[in-house]
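Chain and residue survey
Spelled out, the chains give:
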Amino acid sequence: MSYKSTFLETALESEALKFGSFTLKSGRQSPYFFNLGHFNTGKLLSNLATSYAQAIIASGLQFDILFGPAYKGIPLAAITVAKLAELDPENYGSIGYAFNRKEKKDHGEGGSIVGCALKDKKILIIDDVITAGTAINEAFEIIGNEKGHVVGCIIALDRQELPTDTATISATQSVSERYGIPVLSIVSLAEVIDILSGKISDSDLASIQEYRNKYGSKKN
């Protein structure tokens with residue numbers, strides 16, 4: 001799909017996606033590094049929102065509210081819900097958005113949710129990546145406390161990576177199985193390898209494939 005290629009081209013242009021040798025929080029040495037924070041101009045954010053929106057539209061998933069967990073998910077939810085309304089106003093013009101405060105407000109209207117009320121609504125969670133699933137688990141707890149119903153998650157990049165050396169499925173697969181929901185992505189690591197073949201060096205491509213063979217989930 002063209003939005004996948006466009007997303008990766010923009011990620012390379014902005015250096016949100018880099019190749020080399022990077023030490024991850026897990027201690028693993030990764031041949032690539034992905035940082036969505038490099039989509040940091042109006043043009044780049046607009047392109048990012050378009051990719052998220054097109055991935056959501058392509059999925060056909062039905063939901064009422066796009067929820068962005070604080071802090072990274074807040075701008076993602078805002079820009080993507082606006083882009084959805086722009087691209088497909090008939091089907092997505094009334095989609096709301098919401099995010100959580102890190103600290104519950106005890107004055108004014110109070111509460112920990114900003115934006116649409118979540119009660120009895122179908123919620124799609126938006127974030128950048130899922131590594132250990134901790135942030136997504138917290139989002140489920142927050143939404144559950146507000147009596148909302150999560151119907152899916154969408155992330156930018158599915159690393160398709162085992163969260164620990166003893167795990168048997170990837171972090172995204174774990175979230176999907178635990179909660180019985182789809183985890184959508186703009187691109188997966190397998191698609192990165194496929195789309196960027198011939199566009200990045202053979203050595204970088206080989207290093208990514210080797211890393212995936214070592215740490216990638218074997219379950220499709």
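In case you missed it, the structure is sitting above this.
One structure accompanies this document, and this report is about it. (Residues numbered from 1 in each chain as written. Predicted model: local features only at pLDDT ≥ 70, side-chain atom pairs only at ≥ 80, totals over all residues. Heavy atoms only, no water.)

For I186, the location among the structural elements is in strand 8 (residues 183-188). Under the relative-accessibility criterion, I186 is labelled buried at 0%. Along the chain, I186 and Q54 lie 132 residues apart, while their C-alpha atoms are 8.4 Å from each other. (Helix = DSSP H or I, 4+ residues; strand = E, 2+ residues; numbered from the N terminus. Buried < 20%, exposed > 50% of the residue type's maximum accessible area, 1.4 Å probe, protein only.)

Right, let's get into the side chain of S170. Mapped onto the secondary structure, S170 falls in the loop between strand 7 (149-158) and helix 6 (171-179). Under the relative-accessibility criterion, S170 is labelled buried at 2%. Among the polar contacts listed, one links the side chain of S170 to the side chain of T172, at a separation of 3.0 Å. The contact partners of S170, leaving out residues within four places of it in the chain, are Q160, E161, L162, P163 and S217. (Polar contact = N/O pair within 3.5 Å; in protein donor to acceptor, adjacent residues only side chain to side chain. Contact = heavy atoms within 4.5 Å.)

This next bit is on the pairing of strand 2 (residues 29-34). The side chains of a regular strand alternate, residue by residue, between the two faces of the sheet. Two elements, strand 1 (residues 17-23) and strand 2, share five bridges in a ladder whose sense is antiparallel. Following the sheet pairing, L17 is matched in strand 2 by F34. Taking the residues between adjacent antiparallel strands as the criterion, strand 1 and strand 2 are bridged by five residues, where G27 takes a positive phi near 95°. (Pairing = 2+ DSSP bridges.)

What follows is about the packing of helix 7 (residues 189-196) against helix 8 (residues 202-215). Taken N-terminus to C-terminus, the directions of helix 7 and helix 8 make an angle of 160°; their axes are 11 Å apart at the nearest point. Of the possible angle classes, the one that applies to helix 7 and helix 8 is roughly antiparallel. Once helix 7 is placed against helix 8, the crossing between them reads as left-handed. Residues L189, A190, I193 and L196 of helix 7 form the contact with helix 8, whose own contacting residues are L205, I208, Q209 and R212. (Axes fitted to C-alpha atoms, helices over the stretch in contact; angles between N-to-C directions. Parallel < 35°, antiparallel > 145°, perpendicular 65-115°, else oblique. Left-handed = near helix turned anticlockwise from the far one by under 90°.)

This next bit is on the environment of F19. Mapped onto the secondary structure, F19 falls in strand 1. Along the sequence, F19 and I208 sit 189 residues apart, while their C-alpha atoms lie 8.8 Å from each other. When neighbours within four sequence positions are excluded, F19 is seen to be in contact with L12, P31, Y32, L196, I200, D204 and I208.

Another point: the packing of helix 1 (residues 2-13) against helix 2 (residues 42-59). Across the interface, helix 1 lies against helix 2 with an axial gap of 10 Å and an inter-helix angle of 155°. Judged by the angle between their axes, helix 1 and helix 2 are roughly antiparallel. As for how helix 1 packs across helix 2, the hand of that crossing is left-handed. In contact with Y3, F7 and T10 of helix 1, helix 2 contributes L44, N47, L48, S51, Q54, A55 and A58. Classifying every residue of the contact of helix 1 with helix 2 gives six nonpolar, four polar and no charged. (Nonpolar A, V, L, I, M, F, W, Y, C, P; charged D, E, K, R; others polar.)

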